[in-house]
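Observations on the three-dimensional arrangement
Residues per chain are reported as follows:
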Amino acid sequence: MEAWPEGPDHVLDLVGTSSALDSLRLVRRGGTVCVAGSLSGWLIPAFEPIAMIPTGTRLTAFHSDTVRGAAGAAVLQRVVDQVEAGVLHPHVDRLFSLDDVAEAHRYLEDDQATGKVVLVP
């Protein structure tokens, strides 16, 4: 809240339902929360939209079912191109060898990651 006293304009929630309500409380009134993760499932227990979504605030979702096949490949390629061009700067927390996938998974399950965890061949 120090960076945005009134809250950010947008929140991209990559965790899912366990943090969606926190994201709605964090975003500024009139802002947008997009839930794109499902680490905690897709159901919010006892969800009451009228009471839990602040007035004027938008709750949206993104899931990859909308960009399957060739459409998905184009979206992914655009992101890769932007990272390579230095337009996007993803925060990579740690790299793991594909051989260490079990260790990487434990690292994520233990909530140790502070950014993206990347598997490399």
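The rules behind these values
Each chain has its residues counted from 1, running along the sequence as written. Per-residue local features of the predicted model are confined to residues with pLDDT of at least 70, and side-chain atom pairs are confined, for both listing and counting, to 80 or more; whole-chain, interface and lining totals are unaffected and use all residues. Only hydrogens and water are set aside; all other atoms, that is, all heavy atoms of the structure, feed into the side-chain values. Strands are runs of DSSP state E lasting at least two residues, helices are runs of H or I lasting at least four, and both sets are numbered from the N terminus onward. Burial classification: accessible surface area is computed with a 1.4 Å probe over protein chains only, and a residue below 20% of its type maximum counts as buried, one above 50% as exposed, and the rest as partly exposed. Any two residues whose heavy atoms approach within 4.5 Å at even a single point are treated as in contact. Charge counting treats Lys and Arg as positive and Asp and Glu as negative, with His and both chain ends excluded. Each charge is placed at NZ for Lys, CZ for Arg, CG for Asp and CD for Glu. Throughout, the arc means that of the directions going from the helix axis to the C-beta atoms. Only one rule defines a salt bridge in this text: a Lys or Arg side-chain nitrogen within 4 Å of an Asp or Glu carboxyl oxygen.

**As for the overall build of the protein**
The helix and strand inventory of the protein stands at four helices and five strands. Along the protein, helices (α) and strands (β) appear in the sequence β-α-β-α-β-α-β-α-β when read from the amino end. Each principal axis of the C-alpha atoms in the protein carries an extent, and together these give about 45 × 35 × 30 Å. Across the 121 residues of the protein, 19% fall into the buried class. Long-range pairs, those at least 24 residues apart, make up 40% of the contacts in the protein between residues at least 6 apart in sequence. The centroid of the 9 positive side-chain charges in the protein is displaced by 8 Å from the centroid of its 16 negative side-chain charges.

**A word on helix 1 (residues 17-26)**
Of all the positions in helix 1, only Thr17, Ser19, Ala20, Ser23 and Leu24 are classed as buried. Seen from one end, helix 1 has its buried residues packed into an arc of 155 degrees, which puts them on one side. In helix 1, those exposed residues whose orientation departs by more than 90 degrees from the buried face are Ser18 and Arg25. Contact partners of the buried residues in helix 1: strand 1 (10-13), strand 2 (32-35), helix 2 (49-52) and strand 3 (58-61).

**Looking at the pattern of salt bridges**
Applying the stated criterion across every chain, the model contains three salt bridges. Across the pair Arg28 and Asp9 runs a salt bridge whose closest N-O atoms are separated by 2.5 Å. Of the two residues, Arg28 is situated in the loop between helix 1 and strand 2 and Asp9 in the segment before strand 1; the sequence distance between them amounts to 19 residues. Arg28 gets classed as partly exposed once you look at its relative accessible area, which sits at 28%. Across the salt bridge formed by Glu103 and Arg94, the nearest N and O atoms sit 3.2 Å from each other. Owing to a relative accessible area of 32%, Arg94 belongs among the partly exposed residues under this scheme.

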